[in-house]
Amino acid sequence: MERAEKRTEDKSLEESVVELLAERGLTVTTAESCTGGLISGTLVNAAGASEVLNEAYITYSNEAKQRLVGVRPETLERYGAVSEQTAEEMAEGAARAADADAALSATGIAGPGGGTPEKPVGLVYIGCFLNGRTVVKECRFTGNRMENRLQTVRTALEMLKEELQNTEQ
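Conventions adopted
Per chain, the residues get numbers from 1 upward, laid out in the order the sequence is written. Since the coordinates come from a predicted model, pLDDT governs what is reported: local features require at least 70, and pairs of side-chain atoms require 80 or more to be given and counted, while whole-chain, interface and lining totals use all residues. For the side-chain quantities, the full set of heavy atoms in the structure was used; hydrogens and water were omitted. At least two bridges found by DSSP between two strands are what make those strands a pair. Under the scheme used here, helices are H or I runs from DSSP no shorter than 4 residues and strands are E runs no shorter than 2 residues, and both carry numbers assigned from the N terminus. UniProt positions are given in the numbering used here, feature names are shortened, and annotations may be inferred rather than shown by experiment. Angles here are taken between N-to-C directions and fall from 0 to 180 degrees, while the axes themselves are lines fitted to C-alpha atoms, restricted in helices to the stretch in contact. In this scheme the handedness of a crossing depends on how the near helix is turned from the far one: anticlockwise by less than a right angle means left-handed, clockwise means right-handed. The contact criterion used throughout is that any non-hydrogen atoms of two residues lie within 4.5 Å. Residue classes follow a fixed rule: Ala, Val, Leu, Ile, Met, Phe, Trp, Tyr, Cys and Pro count as nonpolar, while Asp, Glu, Lys and Arg count as charged, and any other residue, Gly among them, counts as polar. Whenever a carboxyl oxygen of Asp or Glu lies within 4 Å of a side-chain nitrogen of Lys or Arg, that contact is scored as a salt bridge. Three exposure classes are used, based on accessible area relative to the maximum for each residue type with a 1.4 Å probe and protein chains only: buried under 20%, partly exposed in between, and exposed over 50%. The directions from the helix axis to the C-beta atoms are what the arc is built from. In plain words, nonpolar cores are sets of buried Ala, Val, Leu, Ile, Met, Phe, Trp, Tyr and Cys residues tied together by side-chain atoms within 4.5 Å. Here, a disulfide means two cysteine sulfur atoms that sit within 2.5 Å of each other.

This part is about the sheet that holds strand β5 (residues 133–140). Pairing is mixed across the open sheet formed by five strands, whose spatial order is β2-β1-β3-β4-β5. Looking at the sheet topology across the chains shown, the edges are occupied by β2 (57–58) and β5. Pairing between strand β1 (residues 28–32) and β2: two bridges, direction parallel. Among the inter-strand pairings, A31 is bridged to a residue of β2, identified as Y57.

Listed below in structure tokens is the structure:
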């Protein structure tokens with residue numbers, strides 16, 4: 001499997017994220033739909049991941065989004081599973097459910113099918129929760145299914161790394 005990012009200064013992106021979390025004494029969780037566990041799976045590539053990741057959620061169905069991480073049925077009905085609002089509720093709900101300090105969420109259309117003119121293949125919303133604040137990023141990837149999933153992982157980990165670097169220890 002590819003790493004989330006090429007190694008720089010002999011440290012991968014996931015190693016950097018795990019190290020930043022551990023240095024700050026923080027825990028992380030994930031709520032993943034289109035990535036199917038690839039974000040948490042990438043995090044566990046890094047030594048020390050067991051210190052910061054206790055549990056993660058694969059919420060592929062709408063029912064799982066509701067049951068496991070508390071996405072409101074009204075949100076899914078009004079905005080759909082692939083939406084900024086759902087990504088936000090997934091991140092916040094995962095943090096609550098896992099009693100974690102940080103959370104990443106991903107919901108989107110990896111492809112090759114399932115897209116519409118309004119929500120095309122490659123549309124992904126990534127949520128990043130840290131210190132009571134949630135940031136959601138809309139992405140429009142153009143690769144095949146696996147490339148879209150890997151780009152989602154990389155973007156999510158980069159978001160968390162940036163948020164960690166921008167907060168005081």
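Mapped onto this numbering, the UniProt entry annotates "domain: CinA C-terminal" (unreviewed entry) at residues 11–163. Structurally, residues 11–163 is divided into 46% helix and 20% strand, and its ends, taken at the C-alpha atoms, are 18 Å apart.

Here we come to the packing of helix α1 (residues 13–24) against helix α7 (residues 145–165). Interaxial distance between α1 and α7 falls to 10 Å at its minimum, and their mutual angle equals 35 degrees. The hand of the α1/α7 crossing is left-handed. Residues L13, E14, S16, V17, L20, L21 and R24 of α1 form the contact with α7, whose participating residues are R154, L157, E158, L160, K161, L164 and Q165. A per-class count over the contact of α1 with α7 returns seven nonpolar, two polar and five charged.

Before going further, it helps to spend a moment on the pattern of salt bridges. Opposite charge on two side chains makes pairing possible when the charged atoms of those side chains draw close. The tally for this structure, following the rule as stated, stands at seven salt bridges. A salt bridge links R24 to E23; the nearest nitrogen and oxygen atoms lie 3.8 Å apart. Taking the relative accessible area as the measure of exposure, E23 reaches 49% and is therefore partly exposed. Of the charged contacts, one joins E138 and R140 as a salt bridge, the two residues approaching to 3.0 Å between their closest N and O atoms.

On to helix α4 (residues 62–69), then. Within α4 the residues assigned to the buried category are A64, K65 and V69. Take α4 and look down its axis: the buried residues cluster within an arc of 105 degrees, on one side only. G70 occupies a position one or two residues after α4 and carries a positive phi of about 75 degrees.

A separate point is the nonpolar core. Side chains that are nonpolar tend, in soluble globular proteins, to be buried together. In this structure, L21, V28, L157 and L160 are the most contacted members of the largest nonpolar core, which totals 31 residues. Going through the elements one at a time, α1, α2 (38–43), α3 (49–52), β3 (102–108), β4 (123–130) and α7 are the ones with two or more residues in this core. Formed by 13 residues, the second largest nonpolar core is a distinct cluster that contains V69, L76, A103 and F129.

This part takes up unusual backbone geometry. The step from G111 to P112 runs through a cis peptide bond, and the omega angle for that step is 0 degrees. Positionally, P112 belongs in the loop between β3 and β4. If you check the backbone angles, N131 has positive phi at about 55 degrees while not being a glycine. Relative to the helices and strands, N131 is located in the loop between β4 and β5. On the basis of relative accessible area, N131 is assigned to the exposed category, the value being 52%.

Let us look at the pairing of β5. Summarising the sheet, β4 and β5 pair through eight bridges and their orientation is antiparallel. Residue pairing for β5: L123 is matched across the bridge by R140. Between β4 and β5, which pair antiparallel one after the other, the connecting turn spans two residues, and N131 there sits at a positive phi close to 55 degrees.

This part covers the state of the cysteines. Taken as a whole, this structure holds zero disulfides when the rule is applied. In this structure C128 is a free cysteine whose sulfur lies 12 Å from that of C139, the closest cysteine sulfur available. Among the residues examined, C128 registers a relative accessible area of 1% and is labelled buried.

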